[in-house]
Amino acid sequence: MKFKSKSGGEASFRDALFLGLAPDGSLFHPVERPDLAALFRSFGEETPFTEVSAATAAALFSPELDSEAAERIAARAFSFQPVLRRLDEKILILELFHGPSCAFKDFAAQFLAATMEEFLRADARRIQILVATSGDTGSAVAHAFHNREGIDVVILYPSGRVTELQEKQLTTLGGNVHALEVKGSFDDCQRLAKEAFRDETLHRRLSLTSANSINIGRLLPQTFYHIYAMTRRGSLGERPTTVCVPSGNFGNLTAGVYARQWGLPVRAFIAATNINDVVPQYLTSGVFTPRASKKTLSNAMDVGNPSNFERLHEVFQGDVKAMRSVIHGIAMSDAKTRESMKEIHRRYGVFVDPHTAVGYAAAREYLKGSSVPVRGARRDEQVIVLSTAHPAKFLDIVRDSVGAEPPIPERLARCLALPKRSTVMGRDLAGLSRFLLDSFAK
Ligand SMILES: *Cc1c(COP(=O)(O)O)cnc(C)c1O
């Protein structure tokens, strides 16, 4: 598979992976649209997740990664897997939080780290991973790259805008993981990272590499669990299935849309957002208006200018009608998010985090048909809601909303007990540059 940027330059998978952002400052997107429908049909209900991932990766990335390399990478990346849980006749939840940082970003971060390790094995050079995070990206990436040979990790996160637990997950690993606390918003962090990647001096003196969802190597592994979910035929049957994706930067949703283009039989997607709803608004009005993000309960989705919109726009060639026939946008307030957490607990005895709660509420609304502008759900349709984080990662919000407390996984309890170590940063590139050059320049 080859990748292309806005100005048209092509790159191999390996180059796109290590460049992160294309030289013209735009995002890489796949040039080809492979037909993988036969491969998807070959996966049975019993096919393990690592096998689905390795076979899909080999189909996408050969000859750069052959089957054996893909199998090695999948085995090293995934010591955990998605769990599909049926809530009722209409709604299923795909739990994506069984990895080391307890969020769905573990899947792609682990696969990216294992792939880079595979490619770097022959090289002697050191690289620096630079990541802006609104919470969960950073901890997933930090865990994925922690203690890997030849790699340093620098995490930019917005001061005071992540939960205590998220912050502890970013700031307690130590070793090759450096946490920078930025006095600003997530959008500031993201802008800083983009500026650093474009900076001539940094480019010359370091080997900066991105690992957030702008990196195509972080984006594509997210297709694996979309595919995996649709292969669980026992629970899915032949019913039309729509996938609901709680969205912020829209990487997760873009991955699903790619998989659908390659032949995955998903009927449609729901783009579920909090009040940071520029994409649902675009789907209604046809006008894309980025704006400053607002703080909500589902803070990993507090994104005012979603970077992957560029890729979605490319998939549908700027045609909002075409996008609308595949993606339904639904936005939820914080009040509805709380109600949703409560309802799921009351009805099914299940705790969900605020992001999943946004997804569930959007799925319910979709099934009612009240907010779907183009065409409503079919009678036998079911919705898989992607559950993006473990409820214990948002303990206070969940406890306040539900009136009961979810169990805390051992791996989270352990890091809560450790002391925070971070470096405070301003919002300008000068401070970040100094830190990077002082720490890593050869
Ligand atoms: C990152 C994140 C999201 C949003 O995912 P995108 O790919 O940025 O749209 C949703 N929920 C949680 C818990 C997240 O960490």
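The rules behind these values
Residues numbered from 1 in each chain as written. Predicted model: local features only at pLDDT ≥ 70, side-chain atom pairs only at ≥ 80, totals over all residues. Heavy atoms only, no water. Near = heavy atom within 4 Å. Polar contact = N/O pair within 3.5 Å; in protein donor to acceptor, adjacent residues only side chain to side chain. Areas by Shrake-Rupley, 256 points an atom, 1.4 Å probe, with all protein chains shown as cover. Nonpolar A, V, L, I, M, F, W, Y, C, P; charged D, E, K, R; others polar. Axes fitted to C-alpha atoms, helices over the stretch in contact; angles between N-to-C directions. Helix = DSSP H or I, 4+ residues; strand = E, 2+ residues; numbered from the N terminus. Left-handed = near helix turned anticlockwise from the far one by under 90°. Contact = heavy atoms within 4.5 Å. Phe/Tyr/Trp six-rings, centres within 6.5 Å; stacked < 30°, edge-to-face > 60°. Buried < 20%, exposed > 50% of the residue type's maximum accessible area, 1.4 Å probe, protein only. Lys NZ or Arg CZ within 6 Å of the ring centre and 35° of its normal. Core = buried A, V, L, I, M, F, W, Y, C linked by side-chain atoms within 4.5 Å. Pairing = 2+ DSSP bridges.

### Digging into the site of the ligand
Then step 1. The ligand sits among 15 residues. The nearest are Lys 105, Asp 136, Gly 248, Phe 250 and Thr 388.
Then step 2. Between Lys 105 and the ligand, the recorded distance is 2.5 Å, taken from a side-chain N or O atom to an oxygen atom.
Then step 3. Here Asn 249 contributes a backbone N or O atom positioned 2.8 Å from an oxygen atom of the ligand.
Then step 4. Summarising the interface, the protein chains cover 97% of the accessible area of the ligand, which totals 380 Å² for the free molecule.
Then step 5. Split into classes, the residues belonging to the shell around the ligand amount to 6 nonpolar, 7 polar and 2 charged.

### Side note on the packing of helix α5 (residues 105-120) against helix α6 (residues 136-145)
Then step 1. Closest axis-to-axis distance for the α5/α6 pair is 8 Å, and the angle between their directions is 35°. The handedness of the crossing between α5 and α6 comes out as right-handed. Here Lys 105, Asp 106, Ala 109, Gln 110, Leu 112, Ala 113 and Met 116 of α5 lie close against α6, whose contacting residues are Asp 136, Thr 137, Ala 140, Val 141, His 143, Ala 144 and Phe 145.
Then step 2. Its residues assigned to classes, the contact of α5 with α6 comprises 8 nonpolar, 3 polar and 3 charged.

### Here we look at the packing of aromatic side chains
Then step 1. Summed over all chains, the structure comprises 19 aromatic pairs.
Then step 2. Judged by centre distance (6.2 Å) and plane angle (10°), the ring pair of Tyr 258 and Trp 262 falls under stacked. No difference in accessibility class separates Tyr 258 from Trp 262, as the two residues are buried.
Then step 3. The structure contains a cluster of three or more aromatic residues connected by ring pairs, namely Phe 49, Phe 78, Phe 80, Phe 107, Phe 111, Phe 224, Tyr 225 and Tyr 228.
Then step 4. For Arg 232, the ring lying beneath its charged end belongs to Tyr 228, and the centroid distance is 4.0 Å.

### Here we look at the nonpolar core
Then step 1. The biggest cluster of nonpolar side chains holds 92 residues, and the ones touching the most others in it are Phe 3, Phe 78, Ile 129, Phe 145, Leu 220, Leu 253 and Ile 327.
Then step 2. Take this core: its biggest share by element is 9 residues, from α5.
Then step 3. Apart from the residues lying within four places of it in its own chain, the contact partners of Ile 129 are Met 116, Val 141, Phe 145, Ile 151, Asp 152, Val 153, Val 154, Thr 209 and Ala 211.
Then step 4. Ranked by size, the runner-up nonpolar core spans 30 residues in total, among them Val 352, Ala 363, Val 385 and Ala 389.

### Overview of the sheet that holds strand β14 (residues 423-425)
Then step 1. With respect to topology, 5 strands assemble into an open sheet ordered β9-β6-β7-β8-β14, the strand pairing being parallel. The open sheet has two edge strands with one neighbour each: β9 (208-210) and β14. The sheet shows a mean angle of 30° between the axes of neighbouring strands, taken without regard to direction.
Then step 2. Here strand β8 (residues 177-182) pairs with β14 via 3 bridges, running parallel. Its bridge partner lying in β14, Val 182 is registered against Met 425.
Then step 3. Across the sheet, α5 is in contact with β6 (127-132), β7 (151-158) and β9; its angle to β6 comes to roughly 160°.
Then step 4. Against the sheet, helix α8 (residues 186-198) makes contact with β6, β7, β8 and β9, and its axis sits at roughly 150° relative to β6, the strand it touches most.

### Quick look at unusual backbone geometry
Most peptide bonds take the trans configuration, and most residues that are not glycine carry a negative phi.
Then step 1. Geometrically, the link from Ser 62 to Pro 63 is a cis peptide bond, its omega value of 5° lying close to zero.
Then step 2. Within the secondary structure, Pro 63 is located in the loop between α3 (49-61) and α4 (67-77).
Then step 3. Positive phi, close to 70°, is recorded for Cys 102, a residue that is not glycine.
Then step 4. Counting through the fold element by element, Cys 102 comes out in the loop between β5 (91-95) and α5.
Then step 5. By relative accessible area, Cys 102 is classed as buried at 0%.

### A word on the sheet that holds strand β1 (residues 3-4)
Then step 1. Here we have 3 strands laid out as an open sheet, ordered β2-β1-β3, and antiparallel in their pairing. The two strands at the open ends of the sheet, each matched to only one other strand, are β2 (10-11) and β3 (29-30).
Then step 2. As judged from the 2 bridges shared by β1 and β3, these two strands associate in the antiparallel manner. Note that in β3 the partner of Lys 4 across the bridge is His 29.

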